[in-house]
Amino acid sequence: MKKALLILITFQLSLVTSSAQMKWNQRYQQYIDQYKDIAIEQMLKWKIPASITLAQGLFESGAGQSRLAVEGNNHFGIKCNGWEGRKIYEDDDARNECFRAYKSAFDSYEDHSKFLVNGRRYASLFQLKQTDYRGWAKGLKAAGYATNPQYASKLIEIIQLYKLYEYDKAKGYDKFISEHSKDHGVNGYPVHPIKIYNKNYYIIARPNDTFRSIGEEIGISYRKIAKYNERDKNDRLEAGEMIWLKKKQTKAPKDYKDRLHYVRAGESMYSIAQKYGIRLKSLYKMNHMSPDDDIRVGQGLKLR
């Protein structure tokens, strides 16, 4: 009877544990794609595993969605102790606690690195191998970085689920994205996250964006950006549009070699070319079409 009861309890506990396990989240992946190059840059500069930096940023900021991250660019929950810059207040261990606020996400990442490097209680962590993310996670918790008793296990779980440990072996990073992250925005608006696809960079247009405003933010001639997107420099942009920052490719990525794009309602040859980062002229040529030809819903188009 006792044995049967023990088996039942063990089974129930396993169900609770499995149901509490973290599941892959698109928002987390987007955060990783946006900040991984900053984390790698910090690792090469300060010897802090990129996996740890990313996992902490994800966990502390709710993948960049917390109020501290949105309004204060604070991705690591670092409080004001000794801070003379801008401040933001939020309930934590106590009500209305003071947290550091930064001009950009990069500044938060840089200050996080300095916070660990200059903190005596974290000194032993820098004796660990750069690939020892488990040791770092447990060491951070033991040193009092966070009060959450599950802090170390949560970091490890995030690192393993999203394979962040792969970044700990990186020898370089994308300097274009990292440099852009250092900007403080334009007219009070945060910088656009830069994404990578088909060997190119792109951003997603926001309301009131223009080629000129994007050019000022990115540091590229707005005339060139309009040309890369096969548009007039004065064209009005719609929120949600993909805006490419370099000349588009002639074909889609290799994994579309034997795949077609089937036209959906509301699509045009131009919107399809933008979606895959292909030059419009090339898309017509691949499909033996001219600009005078119409497309129909359900039609299959070659992409490479």
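Residues numbered from 1 in each chain as written. Predicted model: local features only at pLDDT ≥ 70, side-chain atom pairs only at ≥ 80, totals over all residues. Heavy atoms only, no water.

1. Some details on the overall build of the chain
Part 1 of the argument: Tallying secondary structure elements over the chain gives 12 helices and 7 strands in all.
Part 2 of the argument: Over its C-alpha atoms, taken along the principal directions, the chain stretches across nearly 75 × 60 × 35 Å.
Part 3 of the argument: When burial is assessed residue by residue, the chain has 43% of its 304 residues classed as buried.
Part 4 of the argument: Relative to all contacts within the chain whose residues are 6 or more apart in sequence, the contacts with residues 24 or more apart total 60%. (Helix = DSSP H or I, 4+ residues; strand = E, 2+ residues; numbered from the N terminus. Buried < 20%, exposed > 50% of the residue type's maximum accessible area, 1.4 Å probe, protein only. Contact = heavy atoms within 4.5 Å.)

2. Here we look at the environment of arginine 134
Part 1 of the argument: Tracing the chain through its elements places arginine 134 in helix 6 (residues 133–142).
Part 2 of the argument: Residues arginine 134 and leucine 155, spaced 21 residues apart in sequence, show a C-alpha to C-alpha distance of 8.5 Å.
Part 3 of the argument: Setting aside its immediate chain neighbours within four residues, arginine 134 contacts Ile156 and Gln160.
Part 4 of the argument: Within the structure, the side chain of arginine 134 is placed 3.2 Å from the side chain of tyrosine 133, a separation counted as a polar contact. (Polar contact = N/O pair within 3.5 Å; in protein donor to acceptor, adjacent residues only side chain to side chain.)

3. Side note on the packing of aromatic side chains
Part 1 of the argument: Counted according to the given criterion, the structure contains 16 aromatic pairs.
Part 2 of the argument: Geometrically, the ring pair formed by phenylalanine 115 and tyrosine 122 is tilted, given 5.9 Å between the ring centres and 45° between the ring planes.
Part 3 of the argument: Taken together through their ring pairs, the aromatic side chains of Phe59, Phe115, Tyr122, Tyr145 and Tyr151 make up a single cluster.
Part 4 of the argument: Positioned above the aromatic ring of phenylalanine 176, the side-chain terminus of lysine 246 is 5.8 Å from the ring centre. (Phe/Tyr/Trp six-rings, centres within 6.5 Å; stacked < 30°, edge-to-face > 60°. Lys NZ or Arg CZ within 6 Å of the ring centre and 35° of its normal.)

4. Regarding the state of the cysteines
In a disulfide, the sulfur atoms of two cysteines are covalently bonded to one another.
Part 1 of the argument: Following the criterion strictly, the structure yields 1 disulfide and no others.
Part 2 of the argument: A sulfur-sulfur separation of 2.0 Å characterises the disulfide bridge that pairs cysteine 80 with cysteine 98. Taking the sign of the S-S torsion, -65° for the link of cysteine 80 and cysteine 98, the bridge is left-handed. Placement of cysteine 80 in the loop between helix 4 (67–72) and strand 1 (87–90) and of cysteine 98 in strand 2 (residues 97–100) is noted, with a sequence separation of 18 residues between them. Each member of the pair, cysteine 80 as well as cysteine 98, is classed as buried. (Disulfide = S-S within 2.5 Å.)

5. A word on the confidence of the model for the chain
In low-pLDDT segments, the atomic positions of the prediction should not be examined closely.
Part 1 of the argument: Residue-level pLDDT values for the chain average 90, and 92% of them are 70 or greater.
Part 2 of the argument: Predicted confidence is poor over residues 1–19, with pLDDT under 50, and the contacts of this stretch with residues over four places away or in other chains come to 0 contacts. (pLDDT = per-residue confidence, 0-100.)

6. A look at unusual backbone geometry
Part 1 of the argument: One non-glycine residue with positive phi stands out, namely alanine 63, at about 60°.
Part 2 of the argument: Residue position: alanine 63 is located in the loop between helix 3 (50–61) and helix 4.
Part 3 of the argument: Of note in this structure, lysine 199 is not a glycine but carries a positive phi near 60°.
Part 4 of the argument: Mapped onto the secondary structure, lysine 199 falls in the loop between strand 3 (195–197) and strand 4 (200–204).

7. Quick look at the sheet that holds strand 4
Part 1 of the argument: Reading across the sheet, the 3 strands line up as 3-4-5 and stay open at both edges, with antiparallel pairing between neighbours. Two strands close off the open sheet at either side, each with one partner strand: strand 3 and strand 5 (242–244). Across the sheet, the mean angle separating the axes of adjacent strands is 45° when strand polarity is ignored.
Part 2 of the argument: Looking at chain direction, strand 3 and strand 4 are connected through 3 bridges and run antiparallel. Its bridge partner being in strand 4, lysine 195 is matched across the sheet by tyrosine 202.
Part 3 of the argument: Sitting on the sheet, helix 11 (residues 269–276) touches strand 3 and strand 5, and the angle it makes with strand 5 is about 65°. (Pairing = 2+ DSSP bridges. Axes fitted to C-alpha atoms, helices over the stretch in contact; angles between N-to-C directions.)

8. Quick look at the packing of helix 3 against helix 7 (residues 151–161)
Part 1 of the argument: Two elements in contact, helix 3 and helix 7, have axes separated by 9 Å at closest approach and are oriented at 110°. Regarding the angle of helix 3 to helix 7, the classification is roughly perpendicular. Classified by chirality, the crossing of helix 7 by helix 3 is right-handed. Contacts between helix 3 and helix 7 pair Ser51, Ile52, Ala55, Gln56, Leu58, Phe59 and Glu60 from the former with Tyr151, Lys154, Leu155, Ile158 and Ile159 from the latter.
Part 2 of the argument: For the contact of helix 3 with helix 7, the residue count by class is 8 nonpolar, 2 polar and 2 charged. (Parallel < 35°, antiparallel > 145°, perpendicular 65-115°, else oblique. Left-handed = near helix turned anticlockwise from the far one by under 90°. Nonpolar A, V, L, I, M, F, W, Y, C, P; charged D, E, K, R; others polar.)

9. Thoughts on helix 5 (residues 105–118)
Part 1 of the argument: For helix 5, which comprises 14 residues, the first-to-last C-alpha distance of 20 Å matches the rise-based estimate of 20 Å (1.5 Å per residue) to within 8%.
Part 2 of the argument: Ala105, Phe106, Ser108, Tyr109, Glu110, Asp111, His112, Ser113 and Leu116 are the residues of helix 5 that are buried.
Part 3 of the argument: Looking at the buried residues of helix 5, the elements they touch are helix 2 (26–46), helix 3, strand 2, helix 6 and helix 8 (175–181). (Expected span 1.5 Å × (residues − 1).)

10. Overview of the nonpolar core
Looking at soluble globular proteins, one finds that nonpolar side chains tend to be buried together.
Part 1 of the argument: The biggest cluster of nonpolar side chains holds 41 residues, and the ones touching the most others in it are Leu54, Leu58, Tyr109, Leu140, Tyr145 and Leu164.
Part 2 of the argument: Elements supplying a minimum of two residues to this core: helix 2, helix 3, helix 5, helix 6 and helix 7.
Part 3 of the argument: Counting residues per element, this core draws most heavily on helix 2, which supplies 8 residues.
Part 4 of the argument: Non-local contacts of leucine 58, meaning those with residues more than four positions away in its chain, are made with Tyr28, Tyr31, Ile32, Ala63, Ile158 and Leu164.
Part 5 of the argument: In terms of nonpolar packing, the next biggest core, distinct from the first, is built from 16 residues, Met269, Ile272, Met286 and Leu301 among them. (Core = buried A, V, L, I, M, F, W, Y, C linked by side-chain atoms within 4.5 Å.)

11. Concerning the environment of glycine 82
Part 1 of the argument: When you line up the elements, glycine 82 lands in the loop between helix 4 and strand 1.
Part 2 of the argument: Given a relative accessible area of 82%, glycine 82 falls into the exposed group.
Part 3 of the argument: Through-space distance from the C-alpha of glycine 82 to that of arginine 100 is 9.8 Å; in sequence the pair is 18 residues apart.

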